[in-house]
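Chain by chain, the residues:
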Amino acid sequence: MDKDARPSAVFDLDGTLADTAHRQHFLEGAKRDWRGFFAAAVDDPPLAEGVRMVLDSAEACRIVYLTGRPERCRRDTVDWLSRQGLPAGELLMRRNDDRRPARRMKLDVLRRMGRSQEVRMLVDDDELVCDDAEAAGFAVVRARWADTSAALKDAQEREGRT
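About the cut-offs
- In this convention, every chain numbers its residues from 1, walking through the sequence in written order.
- Owing to the predicted nature of the model, reporting of local features is limited to residues with pLDDT of at least 70; listing and counting of side-chain atom pairs is limited to 80 or more, with chain, interface and lining totals taken over all residues.
- Side-chain numbers here rest on the full set of heavy atoms in the structure, without hydrogens or water.
- Only Phe, Tyr and Trp rings take part, Trp by its six-membered ring, and two of them pair if their centres are within 6.5 Å. Stacked means planes under 30 degrees apart, edge-to-face means over 60, and tilted covers everything else.
- Numbering goes from the N terminus for both helices and strands, where a helix is a DSSP run of H or I of at least four residues and a strand is a run of E of at least two.
- In this scheme, a residue with accessible area under 20% of its type's maximum is buried, one over 50% is exposed, and one in between is partly exposed, where area comes from a 1.4 Å probe on protein chains only.
- For this analysis, a polar contact is any N or O atom pair within 3.5 Å, provided that within protein one partner can donate a hydrogen and the other can accept it, and provided that sequence-adjacent residues contribute only side-chain to side-chain pairs.
- The contact criterion used is simple: two residues touch if any of their non-hydrogen atoms lie within 4.5 Å.
- A pair of strands is treated as paired once DSSP finds two or more bridges between them.
- Handedness rule for crossovers: strands pointing away from the viewer, path from the first strand over the helix to the second running clockwise, crossover right-handed.
- Grouping buried Ala, Val, Leu, Ile, Met, Phe, Trp, Tyr and Cys residues that are joined through side-chain atoms within 4.5 Å yields what is termed a nonpolar core.
- Axis definition: a line fitted to C-alpha atoms, over the contacting stretch in the case of helices. Angles run 0 to 180 degrees between N-to-C directions.

Chemist: Explain the packing of aromatic side chains to me, please; I cannot follow it from the model alone.
Modeler: For any pair of aromatic rings, geometry is given as the distance between the ring centres together with the angle between the planes. Evaluation of the coordinates by the stated rule reveals three aromatic pairs. Note on Trp 34 and Phe 38: the rings are 5.8 Å apart at their centroids and 25° apart in plane angle, and the pair reads as stacked. Separated by four residues within a single helix, Trp 34 and Phe 38 lie in helix H1 (residues 34-39), roughly one turn from each other. Both residues of the pair, Trp 34 and Phe 38, belong to the buried class. Judged by centre distance (5.2 Å) and plane angle (75°), the rings of Phe 37 and Phe 38 are edge-to-face. With a relative accessible area of 0%, Phe 37 lands in the buried category. Overall, Phe 38 belongs to the buried group, its relative accessible area being 5%. The structure contains a cluster of three or more aromatic residues connected by ring pairs, namely Trp 34, Phe 37 and Phe 38.

Chemist: Looking at this structure, I do not really get the side chain of Thr 77. What am I missing?
Modeler: Relative to the helices and strands, Thr 77 resides in helix H3 (residues 74-83). Reaching out from Thr 77, the side chain makes a polar contact with the side chain of Arg 69 at a distance of 3.0 Å. Residues within four places of Thr 77 in sequence aside, it is in contact with Leu 13, Arg 69, Leu 91 and Met 93.

Chemist: Would you take a moment to explain the pairing of strand S2 (residues 62-70) for this structure?
Modeler: Most of S2 is tucked away: nine of the nine residues are buried. Here S2 shows two buried faces, one formed by Arg 62, Val 64, Leu 66, Gly 68 and Pro 70 and the other by Ile 63, Tyr 65, Thr 67 and Arg 69. Summarising the sheet, strand S1 (residues 8-11) and S2 pair through four bridges and their orientation is parallel. In the strand pairing of S2, Ser 8 is matched with Arg 62. Looking at chain direction, S2 and strand S3 (residues 90-94) are connected through four bridges and run parallel. Of the residues in S3, the one forming a bridge with Leu 66 is Leu 92. Crossover S2 to S3 through H3 is right-handed.

Chemist: Is there a simple way to think about the nonpolar core in this case?
Modeler: As a rule of thumb, nonpolar side chains are buried together in soluble globular proteins. Grouped together as the largest cluster of nonpolar side chains are 24 residues, with contacts concentrated most on Phe 11, Leu 17, Val 54, Tyr 65 and Leu 86. Taken together, the elements giving at least two residues each to this core come down to S1, H1, helix H2 (48-57), S2, H3, S3 and strand S4 (119-124). Setting aside its immediate chain neighbours within four residues, Tyr 65 contacts Phe 11, Leu 13, Leu 17, Val 54, Leu 81, Leu 86, Pro 87, Gly 89, Glu 90, Leu 91 and Leu 92. Membership of the second largest hydrophobic core comes to 17 residues, among which are Val 10, Leu 122, Cys 130 and Ala 133.

Chemist: Just to check I follow, could you spell out the sheet that holds strand S5 (residues 140-142) for this structure?
Modeler: In sheet architecture, strand pairing relies on hydrogen bonds along the backbone and comes in two forms, parallel and antiparallel. Strand order in the open sheet formed by five strands is S3-S2-S1-S4-S5, with parallel pairing between adjacent strands. Either end of the sheet is taken by a strand with one partner, and the two such strands are S3 and S5. With direction set aside, neighbouring strand axes in the sheet form an average angle of 20°. On the sheet, H3 packs against S2 and S3 and is oriented at approximately 145° with respect to S3. Helix-sheet contacts for helix H4 (residues 102-116) involve S1, S2, S3 and S4, and the interaxial angle to S2 is about 150°.

This is how it looks when you write it as structure tokens:
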């Protein structure tokens, strides 16, 4: 059991803390370029509203970053979080072979977390993730401060990639 007994505040990355607008073009068209999409994540500008929420939450909560990015992106993701000056926290990522919709993958993680700790809130931009988390009894903050392309929304739901 973790010695930090504070409740957890769980934050999504893409579209919540990281602005993905510059790389969404990789997902447009018939053949999506996932390598290019994830490789370009190192250049994501931070989203000020999301960053402010993490920093404010870090005083009272353990910070957990929950992303649909595949595990193979861990090093770049850890480096990005550090460059933004975001607080240290547990980084939970999708297994490389996990193609479930983001709403299923993330809800499974939240339920596991909820068995051993208080989850104070989930902050996410994916409306389907938010809907399912709320239906399961989790407090949700809907990150509506960034524009997400239709291609990215489709990828989150149908392809289980982010």
